[in-house]
Amino acid sequence: MPEETWRVLAPRLADYGITRVADVTGLDYFGIPVYVAVRPAATTLTTSQGKGMTPLLAKLSAVMEGIEVAVAETYEPANSVTASAAELELPYQVTDLSLARPSIVTPYSAVTWCQAETALGGTPSWLPVDLVALDGRAGLGWAPKSFVSSSNGLAGGNTRAEAQVHALLELIERHCVAELPRLDVTQRRYVDPDTVDDTLCASLIDRFRAAGCWVEIVELTRFTGIPVFAVYLWEPGMPDLYGGSGCHRMPGLALSRALTEAAQSRLSVISGTRDDIELGAYRDRRRHETAPRTPATCARTWQDVTSGSRPERHVSFEEEFSSLARSVTALTDRPVLSVDLTPAGEDFAVCRVAAPGLDFEARHKFQRPDALRTDAEARG
């Protein structure tokens, strides 16, 4: 229950550097709850955003994300080893991980590793510490980055298995979203928002429409039975595109996550709380002064898109994690790996999951090339 989760987390905020939690919902039209957790002494981002269908869920989302990042910033593995990937005889290629661009990592590079285990079978293995931990501090000397430093695959939950499921769903979602920059608007698979009959999603779409928003839904599913959606919002008061994505076994939950994340992305710019918002979000914009258009011939109905979805039934988080890992391994032919980051004595769990072979765009862009033209280009 959310109330019980908040009871556990509330007394622990200061221990993870969270000094305040702000409700920024009222800064936008939609009324979709969005909260911000603030960690002034963070070594990466000082704020974490959270959204949900109730204020408590949004607050929990922001706080849990802040705790996850704080744990990753201070992570020190109990056992580590410095060696090359070739020496460790890994069940994957080190170059299949999310490498920095450019990266000097090869199978023969000296890397510091922490202990991990495979999702299927629990076989001991290794992951690079620089991939698992987060640290934005500058060193005394210059050293090129080897791996992408991001929170992709970092998640928390009431139990370890729940955290692992959230983390792997995020990896799957980001893998699917990474395809967006390669797809012209005429190549994308759309869902007609007017056909969405999921009660929660329909209510969110109605909120956006009531505020004068244009809403576009893109279906990005690449794993059978694991729906992924991206959502774009545009409205005349802020004539830029804002995107969100979502992934879940249940299509309605996947879409609701995309819809609420799109609203959260607008509020992040409105509130100005994130350290990584680019200056272009506020000036020198190449704005699309009229609503973009979804290619009509590409749109499908919600019923068509969701017709093969798995019937809703209860499975444990352990079963779900194994099922998701099997789907990923079937595509990549590489194991899914997990590292438990949970601080000793805590009543919640934090983990990092890695899936070598899945794509990830470090900036998690929601490019829509047609909408990036200037008005002069559109007229010409």
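Look up a bit, the structure's there.
Criteria and thresholds
- Residues numbered from 1 in each chain as written.
- Predicted model: local features only at pLDDT ≥ 70, side-chain atom pairs only at ≥ 80, totals over all residues.
- Heavy atoms only, no water.
- Pairing = 2+ DSSP bridges.
- Helix = DSSP H or I, 4+ residues; strand = E, 2+ residues; numbered from the N terminus.
- Buried < 20%, exposed > 50% of the residue type's maximum accessible area, 1.4 Å probe, protein only.
- Arc of directions from axis to C-beta.
- Phe/Tyr/Trp six-rings, centres within 6.5 Å; stacked < 30°, edge-to-face > 60°.
- Salt bridge = Lys/Arg side-chain N within 4 Å of Asp/Glu carboxyl O.
- Core = buried A, V, L, I, M, F, W, Y, C linked by side-chain atoms within 4.5 Å.
- Contact = heavy atoms within 4.5 Å.
- 1 Å grid on protein atoms, 1.4 Å probe; cavity = no way out; pocket = protein on both sides within 12 Å on 5 of 7 lines; lining within 4 Å.
- Points joined across faces, edges and corners; volume = space filled by probe spheres on them.
- Nonpolar A, V, L, I, M, F, W, Y, C, P; charged D, E, K, R; others polar.
- Polar contact = N/O pair within 3.5 Å; in protein donor to acceptor, adjacent residues only side chain to side chain.

Draft legend 1. Focus on the pairing of strand S5 (residues 111-118). Of the pairings in the sheet, the one linking strand S4 (residues 80-83) to S5 comprises four bridges and is antiparallel in character. Bridge pairing links Thr 82 to Thr 112 in S5. Taking the residues that link successive antiparallel strands as the turn, the S5-strand S6 (residues 124-128) hairpin has five residues, and the phi of Gly 121 there is positive, at about 105 degrees. Relative to strand S13 (residues 337-340), S5 runs antiparallel, the two sharing two bridges. Across the sheet, the residue bridging to Glu 117 is Ser 338, located in S13.

Draft legend 2. The arrangement of helix H1 (residues 2-9) in detail. Regarding H1, the residues found buried are Thr 5, Val 8 and Leu 9. Along the long axis of H1, the arc covered by the buried residues comes to 90 degrees, so they all point the same way.

Draft legend 3. Spotlight on the sheet that holds strand S10 (residues 228-235). The five strands are arranged S11-S10-S9-S8-S12 in an open sheet whose pairing can be described as mixed. Edge strands, defined here as strands with exactly one partner in the open sheet, are strand S11 (238-247) and strand S12 (299-300). Strand direction decides the pairing type here: strand S8 (residues 189-191) and strand S9 (residues 214-219), joined by three bridges, are antiparallel. Within the sheet, the bridge partner assigned to Val 191 lies in S9 and is Ile 217.

Draft legend 4. Just the packing of aromatic side chains, in detail. Here the structure, examined in full by the defined rule, presents four aromatic pairs. Ring centres of Tyr 29 and Phe 30 lie 6.4 Å apart, and the angle between their planes is 75 degrees; on these two criteria the pair is classed as edge-to-face. Its relative accessible area of 55% is what places Tyr 29 among the exposed residues. Seen from their ring centres, Phe 229 and Trp 302 are 5.5 Å apart, and the 35 degrees between their planes marks the pair as tilted. Placement of Phe 229 in strand S10 and of Trp 302 in helix H8 (residues 302-306) is noted, with a sequence separation of 73 residues between them. Assigned by exposure class, Phe 229 and Trp 302 land together as buried. Through a chain of ring-to-ring contacts, three or more aromatic side chains come together here, namely Tyr 29, Phe 30 and Phe 208.

Draft legend 5. Fine view of the pattern of salt bridges. Under the criterion given, the structure shown has 17 salt bridges. For the salt bridge of Arg 368 with Glu 216, the shortest nitrogen-to-oxygen distance reads 2.7 Å. One end of the pair, Arg 368, is in the loop between strand S14 (349-354) and helix H10 (375-379); the other, Glu 216, is in strand S9, with 152 residues separating them in the sequence. Each of the two residues, Arg 368 as well as Glu 216, counts as buried.

Draft legend 6. Geometry of the nonpolar core. Core analysis: the largest hydrophobic core is formed by 42 residues, its most contacted members being Ile 67, Leu 127, Val 339, Leu 341 and Phe 348. Those elements giving two or more residues to this core turn out to be H1, strand S2 (34-38), helix H2 (55-73), S5, helix H4 (129-132), S13 and S14. Other than its neighbours up to four places away in sequence, Leu 341 contacts Val 71, Tyr 75, Val 132, Leu 154, Val 350, Cys 351 and Arg 352. By size, the runner-up hydrophobic cluster in this structure holds 36 residues, among which are Ile 172, Cys 247, Phe 321 and Ala 325.

Draft legend 7. Layout of empty space enclosed by the protein. Applying the stated criterion across every chain, the model contains two cavities of 30 Å³ or more. In this structure, the largest cavity encloses a volume near 190 Å³. If you go around the largest cavity, you meet 17 residues; those closest to its centre are Ser 98, Leu 131, Asn 152, Leu 171 and Ala 354. Sorting elements by how many residues they give to the lining of the largest cavity places S14 first, with three residues.

Draft legend 8. Representation of the layout of surface pockets within the structure. Here the second largest pocket defines a volume of roughly 540 Å³. Taken together, 22 residues make up the lining of the second largest pocket; nearest its centre are Asp 130, Asp 135, Gly 136, Arg 137 and Lys 145. If you list the elements that add at least two residues to the lining of the second largest pocket, you get H2 and H4. Of the residues in the lining of the second largest pocket, the class split is ten nonpolar, six polar and six charged.

Draft legend 9. Structural detail: unusual backbone geometry. At the junction of Arg 101 and Pro 102, the peptide bond is cis and its omega measures out at -5 degrees in the coordinates. The phi dihedral of Glu 89 falls on the positive side, at around 50 degrees, and the residue is not glycine. Note that Glu 89 resides in the loop between helix H3 (85-88) and S5. At Asp 333, a residue that is not glycine, the phi angle is positive and equals roughly 60 degrees. Mapped onto the elements of the fold, Asp 333 is located in the loop between helix H9 (317-332) and S13.

Draft legend 10. Fine view of the side chain of Ser 109. As for its position among the elements, Ser 109 is in the loop between H3 and S5. Classification of Ser 109 as buried rests on a relative accessible area of 15%. Side-chain polar atoms of Ser 109 contact the backbone nitrogen of Thr 106, separated by 2.8 Å. In contact with Ser 109, not counting residues within four places along its chain, are Ala 83, Ser 84, Ala 85 and Ile 104.

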